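# Architecture at a glance
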Amino acid sequence: MTAINTGAAGRVLIVEDEAPLARVVASYLERESFEVEIVGNGIDAIERARETAPTLIVLDLGLPGVDGVEVCRTVRTFSDCYIIMLTARAEEVDKLVGLSVGADDYLTKPFSPRELVARVRAMLRRPRAVPGGAREQPRTARFGPLAIDFDGREVHLHDELVDLTRTEFDVLAALAEHPHRAFSRHQLITRVWGAGWVGDEHLVDVHIGKVRRKLDDDPASPMFVRTVRGVGYRMGPGE
Ligand code: CA
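Residues numbered from 1 in each chain as written. Predicted model: local features only at pLDDT ≥ 70, side-chain atom pairs only at ≥ 80, totals over all residues. Heavy atoms only, no water.

A word on the coordination of the calcium ion. Those donors, D17 (OD), D60 (OD) and G62 (O), are the protein atoms that reach the calcium ion, and they lie 2.1 to 2.4 Å from it. Every donor residue of the calcium ion comes from the same chain, spaced as D-x42-D-x1-G. By relative accessible area, G62 is classed as partly exposed at 48%. (Donors = N, O, S within 2.8 Å, 3.2 Å for Na, K, Ca; no water. Buried < 20%, exposed > 50% of the residue type's maximum accessible area, 1.4 Å probe, protein only.)

Okay, structure coming up:
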């Protein structure tokens with residue numbers, strides 16, 4: 001494990017109006033050496049996210065006043081921290097995924113705090129830029145007008161910076177590092193979310209969809225991210 005610049009594993013903001021649940025989640029994350037803060041409504045969540053720049057936000061969907069979707073959207077205008085959303089019903093996940101609110105992961109209540117911790121660990125294990133470029137991966141890749149800087153974690157299209165979230169970058173980078181290889185959703189999940197991730201693999205499609213929109217890439221005749229029928233995705237233009 002790497003990361004850690006504060007002595008703790010990072011800061012977590014828990015946004016949950018059910019105080020007992022918030023406290024249980026907090027105690028599990030504190031055991032993982034996170035610095036934890038709990039808030040019970042959306043307004044406070046946005047304010048604290050701005051002020052404390054958390055590493056991760058555990059965000060309940062059903063909040064009094066400003067709901068989780070709105071909190072997520074607002075936080076995304078100024079932060080690319082990890083966001084796990086908690087929902088009361090499984091169907092809500094589909095709805096949220098459809099809305100593309102910008103969360104990195106979703107958990108349906110009731111969930112075991114251990115599962116939450118496993119998801120958090122998997123998220124934080126995702127590849128980061130390594131100073132000095134000690135990793136054995138290409139530093140940059142170019143696909144026509146698209147340039148990917150793996151170490152700097154930047155993507156340019158026609159020389160303009162594309163604003164991708166961490167997850168979107170990681171999905172694109174996973175494909176671009178092996179441009180001749182087709183990846184299944186499961187393989188992408190393992191590379192991006194980590195082997196411990198458990199959930200609906202169609203989460204990959206959501207992030208691919210967002211990357212495509214930001215790259216102005218038409219799925220029907222893609223320039224960059226191509227659907228491989230019955231498999232998943234690979235880098236490169238369609239036939
Ligand atoms: Ca709630």
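After presenting the structure, the write-up continues.
If you check which residues of helix α2 (residues 42–52) are buried, you get G42, A45, I46, A49 and T52. Buried residues of α2, viewed axially, fall in a sector of 160°; they line one side. More than 90 degrees from the buried face of α2, the exposed residues found are I43, R50 and E51. Looking at the packing, one finds that the buried side of α2 touches β1 (10–15), β2 (34–39), β3 (56–60) and α3 (68–76). With a side-chain oxygen lying 3.1 Å from the backbone nitrogen of I43, the N-terminal cap of α2 falls on N41. (Helix = DSSP H or I, 4+ residues; strand = E, 2+ residues; numbered from the N terminus. Arc of directions from axis to C-beta. Contact = heavy atoms within 4.5 Å. Polar contact = N/O pair within 3.5 Å; in protein donor to acceptor, adjacent residues only side chain to side chain.)

Running from N to C, α2 and α3 point in directions that differ by 20°, and their axes come no closer than 10 Å. The angle between α2 and α3 falls in the class roughly parallel. Crossing geometry of α2 relative to α3 is assigned as right-handed. Between α2 and α3, the contacting residues are G42, A45, I46 and A49 on the first element and V71, T74 and V75 on the second. (Axes fitted to C-alpha atoms, helices over the stretch in contact; angles between N-to-C directions. Parallel < 35°, antiparallel > 145°, perpendicular 65-115°, else oblique. Left-handed = near helix turned anticlockwise from the far one by under 90°.)

What follows is about the pairing of strand β11 (residues 225–228). Pairing geometry for β11 and strand β12 (residues 232–235), over 4 bridges, is antiparallel. Among the inter-strand pairings, V225 is bridged to a residue of β12, identified as M235. Here β11 hands over to β12 after 3 residues, with G230 in that stretch at a positive phi of 75°. (Pairing = 2+ DSSP bridges.)

Per-residue confidence for the chain averages 85 on the pLDDT scale, and 89% of its residues sit at or above 70. Note that pLDDT drops below 50 for residues 1–7; the model gives that stretch 3 contacts with residues more than four away or on any other chain. Note on residues 128–137: pLDDT under 50 across the span, and 14 contacts to partners over four residues away in sequence or across chains. (pLDDT = per-residue confidence, 0-100.)

The next subject is unusual backbone geometry. Here the bond from K109 into P110 is cis, since omega is -5°, no more than 30 degrees from zero. Along the polypeptide, P110 turns up in the loop between β5 (105–108) and α5 (113–124).

We now examine the pairing of strand β4 (residues 82–87). Counted residue by residue, β4 has 6 buried out of 6 residues, so it is predominantly covered. Burial of β4 is two-sided: the residues Y82, I84 and L86 facing one way and the residues I83, M85 and T87 facing the other way are all buried. In the sheet, β3 pairs with β4 via 5 bridges, with the strands oriented parallel. When the bridges of β4 are listed, I57 appears paired with I83. Traced from β3 through α3 to β4, the parallel crossover comes out right-handed. As paired strands, β4 and β5 are joined by 4 bridges and run parallel to one another. (Right-handed = clockwise from strand over helix to strand, strands pointing away.)

If you trace the 5 strands from one edge of the open sheet to the other, you get β2-β1-β3-β4-β5, paired in parallel fashion. Each of the sheet's edge strands pairs with one partner strand only, and the pair in question is β2 and β5. Across the sheet, the axes of successive neighbouring strands diverge by a mean angle of 20°, strand direction being ignored. Where α5 meets the sheet, its contacts fall on β2, β3, β4 and β5, and the angle it forms with β4 comes to roughly 155°.

Throughout the structure, instances matching the rule amount to 15 salt bridges. For R48, the salt bridge identified is with E37, shortest N-O distance 2.7 Å. Linking R48 in helix α2 with E37 in strand β2, this pair joins segments that are 11 residues apart in sequence. A salt bridge links R76 to D104, with the shortest nitrogen-to-oxygen separation between them at 3.0 Å. Taken together, the positions of R76 in helix α3 and D104 in the loop between α4 (90–99) and β5 put the pair 28 residues apart, joining distant regions of the chain. The network of salt bridges with shared partners includes E16, E18, D60 and K109. (Salt bridge = Lys/Arg side-chain N within 4 Å of Asp/Glu carboxyl O.)

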